[in-house]
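Each chain, letter by letter, is given below.
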Amino acid sequence: MLRSHKLKEEQVGTTTRAIARCGAGTNNIPVDRMTELGIPVFNTPGANANAVKELVLCGLLLGSRKIVDGINHMKELGAQGLARERVEKDKALFGGREIKGKTLAVVGLGHIGSSTARDAEMLGMNVVGYDPGLSIESALKLPTDIQLADSIASACSQADYISINIPYIKGEGGTHGIIGKDIIHHLKPDSVVLNFARGELVDSEAMKEHLDGGGKYVCDFPDDLLWDHENAILLPHLGASTEEAEDEAAAMAAETLREYSETGNIRNSVNFPTTALPARPENTLRITVVNKNVPGVLAKLTEEISKYSLNIVQQINQSRGTIAYNVLDLDPAINDGSTASLSALQKEITMLDGVLSSRILFGTPGAGYARNINGEYHV
């Protein structure tokens, strides 16, 4: 389990069964390499949703009222001993606007986006949302009066505030710089952009043009270009920095690892397929197998089991990208009443061409792990 530590491959031992990130993002984990090694990486989506949502709501107010400027001004007056004398007179320097009746565009309607939309409506805002992959779970959390747009540009074009709540995905077809010139060109000149998702989602050059024209930007990520712009409010990365969010994320990560260790089931993985097999029947043992997603491996696996005259009581095979994952419940008793050699069976299975690792879930949770590393058997 880790939170912000930048994990390197050399820190991942040969006995590492799984990795869990106490948070939603996994940029600090070499996920692609872990997939090649057959190691599932888990995250905790939604664990910090309330904490981030509250900061987004705070950002709405920071972008509407010159709160930060006012605080700094009062400190300067205090240092001069003039605070009491000037406090009423100078308040006119820090006028703002109310958010009630204004329009908020929420780009990304997952855990954070949907709860932001709901609470913004309760504050009297009109809400427009955009999310091409909107889940049923998130849709049920949305306010009934929300308008759903068919593109980011159309969602943002009439918005006074824009909240970005989408994941950062590198590479072609990803989300790097997705809030760029094409999108910012459609924004109202005085609109406020709230980015508590990832700094890399926003094109800094395009955003600077927006700020130069009177727009505002509130973000909790660093920006080398915008850090000192008068219309930018850049905070430390505080989104999930609450005791409650950290506790919830740690508990969720621990529970995910416990379930995987004890049952082999997978949920909330960023590189492995969601997999769930019903509880293991009495007097059976469960074996899990991670393999490359190539033709013929499953057939070889079941053939190897049949060589030991074992009966497969129930099984599931799922795949995701380059990886495949199998969970099988076996009856360890052979027809003649004897018991198969589990250690021999596991070695034969693990060393099949295309197999990366296997686990026998019988007895102590987490034990019975074996890997095929470049044709060598490791237990």
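Structure: see above.
Here goes a summary of the coordinates provided. These figures come from a predicted structure and were not determined experimentally. (Residues numbered from 1 in each chain as written. Predicted model: local features only at pLDDT ≥ 70, side-chain atom pairs only at ≥ 80, totals over all residues. Heavy atoms only, no water.)

### Topic: the packing of helix α11 (residues 297-307) against helix α12 (residues 342-350)
Stated formally: Only C-alpha atoms enter the line fits that serve as axes; for helices the fit covers just the stretch in contact. Angles between N-to-C directions range over 0 to 180 degrees. Per the convention used, a helix needs a DSSP run of H or I reaching at least four residues, while a strand needs a run of E reaching at least two, with both numbered from the N terminus. Any angle that falls under 35 degrees is termed roughly parallel, while one over 145 is termed roughly antiparallel, one within 65 to 115 roughly perpendicular, and all others oblique. Each crossing gets its handedness from the near helix: less than a right angle anticlockwise from the far helix is left-handed, clockwise is right-handed. In this analysis, two residues are considered to be in contact whenever any of their non-hydrogen atoms come within 4.5 Å of each other. Charged residues are taken to be Asp, Glu, Lys and Arg, nonpolar residues to be Ala, Val, Leu, Ile, Met, Phe, Trp, Tyr, Cys and Pro, and polar residues to be all remaining types, Gly included.
Close contact between α11 and α12 brings their axes to 10 Å; oriented N to C, the two are set at 155°. Accordingly, the angle class assigned to the pair α11 and α12 is roughly antiparallel. The way α11 lies across α12 gives a crossing that is right-handed. Contact residues: α11 offers Leu301, Glu304 and Ile305, while α12 offers Leu345, Glu348 and Ile349. Residues belonging to the contact of α11 with α12 are distributed by class as follows: four nonpolar, no polar and two charged.

### Observations regarding the pattern of salt bridges
Oppositely charged side chains are able to pair whenever their charged atoms sit close together. We count it as follows: Here a salt bridge means any side-chain nitrogen of Lys or Arg lying within 4 Å of a carboxyl oxygen belonging to Asp or Glu. Between buried and exposed lies partly exposed: a residue is buried under 20% and exposed over 50% of the maximum accessible area for its type, with that area taken using a 1.4 Å probe on protein chains only.
In this structure the tally under the stated criterion is 15 salt bridges. Between Lys91 and Glu88 there is a salt bridge, with its nearest N and O atoms 3.1 Å apart. Overall, Glu88 belongs to the exposed group, its relative accessible area being 53%. Between Arg267 and Glu259 there is a salt bridge, with the nearest N and O atoms lying 2.4 Å from each other. A network of salt bridges, in which partner residues are shared, links Glu9, Arg33 and Glu36.

### Looking at α12
The test is simple: As used here, the arc is the angular range of directions from the helix axis to the C-beta atoms.
For α12, the full list of buried residues reads Leu345, Gln346, Ile349 and Thr350. On an axial view of α12, the arc spanned by its buried residues comes to 125°, and they lie on one face.

### Comments concerning α11
In an α-helix, one turn spans 3.6 residues, which is why side chains three or four residues apart end up on the same side. Val297, Leu301, Glu304 and Ile305 are the residues of α11 that are buried. Relative to the axis of α11, the buried residues are bounded by an arc of 100° and lie together on one face. Phi turns positive one or two residues past the end of α11, at Ser309, with a value near 55°.

### Points about the sheet that holds strand β10 (residues 285-292)
For the record, the criterion: DSSP-based pairing: two strands are paired if at least 2 bridges between them are found.
The antiparallel open sheet is built from six strands, whose spatial order is β11-β12-β10-β13-β14-β15. Single-partner strands in this sheet number two, and they are β11 (311-320) and β15 (376-378). When the angles between neighbouring strand axes are averaged without regard to direction, this sheet yields 15°. Sheet topology note: the β10/strand β12 (residues 323-331) ladder contains eight bridges and is antiparallel. By the bridge assignment, Arg286 is partnered in β12 with Asp329.

### Focus: the packing of helix α2 (residues 49-64) against helix α5 (residues 111-122)
One way to put it is that α2 packs onto α5 with a least axis distance of 9 Å and a crossing angle of 50°. Of the possible angle classes, the one that applies to α2 and α5 is oblique. Considering how the two elements wind past one another, α2 and α5 form a crossing that is right-handed. Along its contact with α2, which presents Ala49, Val52, Lys53, Val56 and Leu57, the element α5 presents His111, Ile112, Ser115, Thr116 and Asp119.

### So, the sheet that holds strand β4 (residues 126-130)
Spatial ordering of the open sheet is given by β5-β4-β3-β6-β7-β8-β9, a layout of seven strands whose pairing is parallel. Strand pairing shows two members of the sheet lacking a second neighbour, β5 (147-148) and β9 (232-234), which therefore form its edges. The strands touched by α2 within the sheet are β3 (103-107), β6 (161-164), β7 (192-195), β8 (216-219) and β9, with β7 carrying the most contacts at an inclination of about 150°.

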